[in-house]
Amino acid sequence: MFQTNQVYPIIWHNDSVSLIDQTRLPNEYAFVEISRSEDMAVAIKTMIVRGAPAIGVAAAYGIYLGAREIHTDNRDEFLQDLENVAQMLRSTRPTAVNLFWAISRMMKVAYETIGTVDEIKKALFQTAQAINAEDLQTCQDIGNNGLKALPTQPGQLTLLTHCNAGALATAGYGTALGVVRSAWREGRLARLFADETRPRLQGAKLTAWECVQEGIPVTVITDSMAAHCMKQGLIHAVVVGADRIAANGDTANKIGTYSLALVSKAHNIPFFVAAPLSTVDFDLADGSQIPIEERHPGEIYQIGDTILTPDGVEFYNPAFDVTPAELITAIITENGVFAPSELKQQEARKAA
Ligand code: MRU
């Protein structure tokens, strides 16, 4: 399953987790070694590792690292201490449900493994590795399913994406960028347009970097240029990732996704969400309940050492928005391509 020319942001190596430091790309390709659960929580919070499925995988390893740090043979004491680790990891980022999904799956294994504390630790390690490997396979399936959904413009297809839903945001391959990758490898894609994605510039920095690695022709635009490009006929379809999808298909993704969906509708351009079923929160009937992370205003008023705004102004920095289901043409998952209204039928097929 692992290929040498692919990007893997999270690798278990030498008894610790190697993370690609996504805060340093594209200028530096560097790894951070994480061997303590607390450091994993910091890495998620500071976005060394980011993207919904990737933070799920990272949190799963974080639970295992935390388990390794607990020195007791008493099962109840162990589980109590592990709950504190889980709580620390849950408090890192609120919107991407994959984080909570992965932690719940790990904790279920901890509670349900019959045996010694050492046996629980072993089961936790195996589960973290399984979550990592499954995500990789899931992304490849999403990529292939995406091919059924995309418009047919053989060799001429142009897509637009927002933020980074690529290999870096997953265990590898990507969700939205997985679809782009599959279209490229099949010879169907001519070019990807990548929104720069203010304020953190995941599109300009990370999506563009991944495209360069793979040789995919990429044009970076600022977020405000999308409608103009659509009007000029430059975009055939939009494909984005998701941080949390409610049962009715309302989708939280990087801030700016909602406006992109609105302008896609205005130009009659299909708007696809690509995400694993682990991103669907069937407990939420609609998107109004999705918690939206607010980040530090410095992400808006400062670039590098340069302050952009005068003193005395206020800032609002929501990291995500919610796109209503009616603006979404289809949701591309590992199980197939669904209209938002068909998603509910997949609840039973979602992994534990
Ligand atoms: O704040 P980020 O960079 O973690 O936000 C990432 C996104 O919004 C992605 O589009 C989403 O997580 C899907 S990643 C496959």
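Since the structure is predicted, the reported quantities are computational estimates derived from the model, not experimental observations. (Residues numbered from 1 in each chain as written. Predicted model: local features only at pLDDT ≥ 70, side-chain atom pairs only at ≥ 80, totals over all residues. Heavy atoms only, no water.)

Another aspect to go through is the site of the ligand. Around the ligand, 18 residues are found, and the nearest of them are Ala52, Arg93, Asp243, Asn253 and Lys254. A distance of 2.9 Å separates an oxygen atom of the ligand from a polar atom in the side chain of Gln202. Here an oxygen atom of the ligand sits 2.6 Å away from a polar atom, N or O, in the side chain of Asn253. Its free accessible area being 410 Å², the ligand has 99% of it covered by the protein chains. Under a 2 Å grid-point criterion requiring more than half of the atoms, the pocket assigned to the ligand is the largest cavity. Elements that contribute at least two residues to the shell around the ligand include exactly helix H2 (52-69) and strand S9 (251-254). Residue composition of the shell around the ligand, grouped by class: eight nonpolar, six polar and four charged. Two domains each donate at least three residues to the shell around the ligand, and these are domain 1 (10-138) and domain 2 (149-351). (Near = heavy atom within 4 Å. Polar contact = N/O pair within 3.5 Å; in protein donor to acceptor, adjacent residues only side chain to side chain. Areas by Shrake-Rupley, 256 points an atom, 1.4 Å probe, with all protein chains shown as cover. 1 Å grid on protein atoms, 1.4 Å probe; cavity = no way out; pocket = protein on both sides within 12 Å on 5 of 7 lines; lining within 4 Å. Sits in = over half its atoms within 2 Å of the grid points. Helix = DSSP H or I, 4+ residues; strand = E, 2+ residues; numbered from the N terminus. Nonpolar A, V, L, I, M, F, W, Y, C, P; charged D, E, K, R; others polar. Domains from an automatic or database assignment.)

If you check UniProt for "binding site: substrate" (unreviewed entry), the listed places come out as Arg50, Gly51, Ala52, Arg93, Gln202, Asn253 and Lys254 in our numbering. Among the annotated residues just listed, those lining the largest cavity are Arg50, Gly51, Ala52, Arg93, Gln202, Asn253 and Lys254. Tracing the backbone through its elements, the reader meets Arg93 in the loop between helix H3 (75-90) and helix H4 (97-112). Aside from chain neighbours lying at most four places away, what touches Arg93 is Ile44, Met47, Arg50, Ile55, Leu99, Phe100, Lys254, Glu293, Arg295 and Phe320. Within the local environment of Arg93, its side chain forms a polar contact with the side chain of Glu293, the two groups lying 2.9 Å apart. Discounting residues that sit within four places of it in the chain, Lys254 has contacts with Arg93, His162, Cys163, Thr197, Gln202, Asp243, Ala319, Phe320 and Asp321. (UniProt positions renumbered as here; feature names shortened; annotations may be inferred. Contact = heavy atoms within 4.5 Å.)

Next up on the list: the pairing of strand S5 (residues 189-195). Burial of S5 is extensive: five of the seven residues sit out of reach of the surface. The pairing of strand S4 (residues 157-161) with S5 spans five bridges and is parallel. When the sheet's bridge partners are listed, Leu160 is paired in S5 with Phe193. Considered for its hand, the β-α-β crossover made up of S4, helix H6 (residues 176-185) and S5 is right-handed. Pairing analysis gives four bridges linking S5 to strand S6 (residues 218-221), with the strands arranged parallel. The partner of Ala194 across the bridge, within S6, is Val220. What joins S5 to S6 is helix H7 (residues 202-214), and the crossover it makes is right-handed. (Buried < 20%, exposed > 50% of the residue type's maximum accessible area, 1.4 Å probe, protein only. Pairing = 2+ DSSP bridges. Right-handed = clockwise from strand over helix to strand, strands pointing away.)

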